[in-house]
Amino acid sequence: MLEKDCIQSRGFKNVEENGQIIGFQFKIRSLYYRGLWLSQLRPATVTVDGETFVEDQITWTVNGVTYTQKEMAKLGDVHWGLLDPATITVAKKGGLDSGRHDIKISYTYSASYLPPRIDTVFGGTHERTLILV
């Protein structure tokens, strides 16, 4: 079941590859009632405890497939549904320490009937404190 907030509390964890922690991930949900085509999304930034991550440090997993933000700009046929959380993975050697973390994600999107840049409750900036165990 999805939570009301954009940033979901479930799914917050470090990511391990070949025995090494290479980053962390968390889930977000689209707050736009129609869902979004990936090509509508503009590059996101993620800030955790004051450290900001951008562009190629961030990947999105939608419908079980992982995309870079550059790849997403070309994907007009992949839909991120309203009820399908996306997993945001951030590359950070060593990941995050256990405990409380202030997480912020900022992203915008385009829609054919709205101005080119949307900074509303649907896009914009979302913040939440999560606990990594």
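A. Quick look at the pattern of salt bridges. Scanning the model with the defined rule gives three salt bridges in all. As a salt-bridge pair, Glu3 and Arg128 come within 2.9 Å of each other at their nearest N and O atoms. Of the two residues, Glu3 sits in the segment before strand S1 (13-17) while Arg128 sits in strand S11 (residues 124-132), which places them 125 residues apart along the sequence. For Glu3, a relative accessible area of 22% gives the class partly exposed. For Glu51, the salt bridge identified is with Lys92, shortest N-O distance 3.1 Å. Taken together, the residues span a long stretch of sequence, with Glu51 in strand S5 (residues 51-53) and Lys92 in the loop between strand S9 (86-91) and strand S10 (99-107) at a distance of 41 residues. Relative accessible area serves as the criterion here: at 37%, Glu51 is assigned to the partly exposed category. Here the salt bridges do not stand alone but share partners, grouping Glu3, Asp5 and Arg128 into one network.

B. Here's a closer look at the nonpolar core. Core analysis: the biggest nonpolar cluster contains 34 residues, and Phe26, Ile28, Trp60 and Trp80 have the highest contact counts within it. Contributions of two or more residues to this core are made by strand S2 (20-28), strand S4 (45-48), strand S6 (58-62), S9, S10 and S11.

C. Main features of the sheet that holds S1. The five strands are arranged S1-S2-S9-S6-S7 in an open sheet whose pairing can be described as antiparallel. Each having just a single partner strand, S1 and strand S7 (65-68) make up the two edges of the open sheet. The mean inter-strand angle of the sheet, taken between neighbouring strand axes irrespective of direction, is 30 degrees. Pairing between S6 and S9: four bridges, direction antiparallel. Note on S9: the bridge partner recorded for Thr59 is Thr89.

So, how was this worked out
- Each chain carries its own residue numbering, running from 1 in the written order of its sequence.
- In keeping with the model being predicted, local features are shown solely for residues with a pLDDT of at least 70 and side-chain atom pairs are shown and tallied solely at 80 or more, while totals for entire chains, interfaces and linings include all residues.
- The side-chain quantities take in all heavy atoms of the structure and omit both hydrogens and water.
- What counts as a salt bridge is simple: a side-chain nitrogen of Lys or Arg found within 4 Å of a carboxyl oxygen of Asp or Glu.
- Working definition: helices are DSSP H or I runs of at least four residues, strands are E runs of at least two. Numbering for both runs from the N terminus.
- Three labels apply to residues, based on accessible area from a 1.4 Å probe with only protein chains included: buried if under 20% of the type maximum, exposed if over 50%, partly exposed otherwise in between.
- In plain words, nonpolar cores are sets of buried Ala, Val, Leu, Ile, Met, Phe, Trp, Tyr and Cys residues tied together by side-chain atoms within 4.5 Å.
- Two strands qualify as a pair provided DSSP detects at least 2 bridges between them.
- Axis lines are fitted through C-alpha atoms, for helices just across the contact stretch, and the angle between N-to-C directions can take any value from 0 to 180 degrees.

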